[in-house]
Amino acid sequence: MGKILCIGEALIDMICTDKGMPLSGGENFLKKAGGAPANVAAAIAALGGTVDLTAKVGADPFGQHIADLLTGLKVGTDYLFRDKDHFTTLAFVSLMENGERDFYFNRGADAQLSVADLNNIDLNQYSIVHFGSATAFLPGPLQQAYLYLLHEAQKRHLFISFDPNFRELLFGQNKSAFCTQSWHFLNNCHFFKVSDYEALLLTGTNHVEAAADVFLKETHAVFAITLGSEGTLLGCNGQHTIVRSIPVMPVDTTGAGDAFVGAVLFQLLQMGLPAGEGAMHRWIQLVANGNKAGARTCQYMGAMEAFRHLSNKIFE
């Protein structure tokens, strides 16, 4: 079996546990390691895959916590770089009683992952590179490192996976820049996963079937549009179909999409990397198992804690 490299942010979510309290009034916070690429890597490792994460954290206790947690989950951290000049990125979140989130993003080291850092990585050891950062399209060295790695992965004919991870709180005033940069990756990857909202945003359509038609026309990738409890819309070889979800009573949906992506990539390695020419029936099975991984994650609190309950036995 080959090896997977995930690139993007590793950060700390500081979740206010004072119900309905704005951040200005919150006094109690729960520390949770996060970042979509880190979550995907943790899911792959939990399923039995070999995976490394390249990201940048601070040379501080929060960065150490992330490194220790990922190591404990068997994610390779040789390329988790420590920056003595920038603190580990922190995201403060409080859920208000009206359902809105009070959010403050204190960006630090994640933005500093650079092309020079990536030059330390021997890309020949990997079969898949996954781009899944919510912050890589914001200004900073990571933005250029992201593009550089895409180019290098293409040169080596590696399988390229992409999840744009749109965050309204980061890009709400600059959706066009997010979409433009995302389309560059959509047009140059083999597989991508988007949410139903992201599908509409990226295609300018009003329903997911129309969005799927646009993706089929404009890209050469296999894609998955996640639909929550309705399942996943799979696009492959000029057609699309719905793969039904697994009914569960959700406890916490955090990380479910990342578990889905991790499960798909893990299976791709096992099956010998079927790309766009792969048969629809094979992809239906991949996505069905991805839905199982996402559903299992929803049954536990906290993404990385939930991944401890993942194993490839859930595919049986």
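Higher on the page you've got the structure.
Calculation notes
Residues numbered from 1 in each chain as written. Predicted model: local features only at pLDDT ≥ 70, side-chain atom pairs only at ≥ 80, totals over all residues. Heavy atoms only, no water. Pairing = 2+ DSSP bridges. Helix = DSSP H or I, 4+ residues; strand = E, 2+ residues; numbered from the N terminus. Contact = heavy atoms within 4.5 Å. Core = buried A, V, L, I, M, F, W, Y, C linked by side-chain atoms within 4.5 Å. Buried < 20%, exposed > 50% of the residue type's maximum accessible area, 1.4 Å probe, protein only. Axes fitted to C-alpha atoms, helices over the stretch in contact; angles between N-to-C directions. Parallel < 35°, antiparallel > 145°, perpendicular 65-115°, else oblique. Left-handed = near helix turned anticlockwise from the far one by under 90°. Salt bridge = Lys/Arg side-chain N within 4 Å of Asp/Glu carboxyl O.

(A) Summary view of the pairing of strand β13 (residues 239-243). Examined bridge by bridge, strand β12 (residues 232-236) and β13 share five bridges and lie antiparallel to one another. Residue pairing for β13: L233 is matched across the bridge by I242. Between β12 and β13, which pair antiparallel one after the other, the connecting turn spans two residues, and N237 there sits at a positive phi close to 55°.

(B) Quick look at the environment of L233. Among the structural elements, L233 can be located in strand β12. In sequence terms L233 and E168 are 65 residues apart; their C-alpha atoms lie 23 Å from each other. Excluding its chain neighbours within four sequence positions, the residues that come into contact with L233 are V208, A212, F223, A224, I225, L227, H240, T241 and I242.

(C) Focus on the nonpolar core. With 54 residues, the main nonpolar core has L53, L80, W283 and M304 as its most contacted residues. With nine residues, helix α9 (residues 256-271) is the single largest residue contributor to this core. L53 has contacts with C6, A10, P37, A38, A41, L70, V75, G76, Y79 and L80, leaving out every residue within four places of it along the chain. I7, Y79, F105 and Y126 belong to the second largest nonpolar core, which has 49 residues in total.

(D) A look at the sheet that holds strand β8 (residues 128-131). An order of β5-β4-β1-β8-β9-β10-β11-β12-β13 is seen for the nine strands of this open sheet, with the pairing classed as mixed. Either end of the sheet is taken by a strand with one partner, and the two such strands are β5 (80-83) and β13. Each neighbouring strand pair of the sheet contributes to a mean axis angle of 15°, computed without reference to strand direction. Pairing geometry for strand β1 (residues 4-7) and strand β4 (residues 51-58), over four bridges, is parallel. Bridge assignment links C6 to a residue of β4, and that residue is L53. Relative to strand β11 (residues 222-226), helix α8 (residues 208-218) is tilted by about 160°, and along the sheet it contacts β10 (191-195), β11, β12 and β13.

(E) Spatial organisation of the side chain of N289. Position of N289 relative to the elements: it lies in helix α10 (residues 280-298). Once residues lying within four places of it in the same chain are set aside, the contact partners of N289 are A263, Q267 and F315.

(F) Representation of the packing of helix α4 (residues 141-155) against helix α6 (residues 175-186) in the model. Orientation of α4 relative to α6, taken along the N-to-C sense of each, is 20°, at an axis distance of 11 Å. Relative to α6, the element α4 is oriented roughly parallel. Judged by the twist between their axes, the crossing of α4 over α6 is left-handed. The residues of α6 that touch α4, namely those facing Q143, Y146, L147 and L150, are Q181, H184 and F185.

(G) Molecular detail of helix α7 (residues 196-203). Looking at α7, one finds that the buried residues are E198, A199, L201, L202 and T203. Looking at the buried positions of α7, the neighbouring elements they touch are α6, β10, α8 and β11.

(H) A look at the pattern of salt bridges. This structure, assessed with the given rule, holds eight salt bridges. Of the charged contacts in the structure, one is a salt bridge between R107 and D110, with a shortest N-O distance of 3.2 Å. Assessed through its relative accessible area of 21%, R107 is described here as partly exposed. For D110, a relative accessible area of 0% gives the class buried. E168 is the partner of K175 in a salt bridge, and the nearest nitrogen-oxygen pair spans 3.0 Å.

Read these as spatial facts, not as claims about activity.
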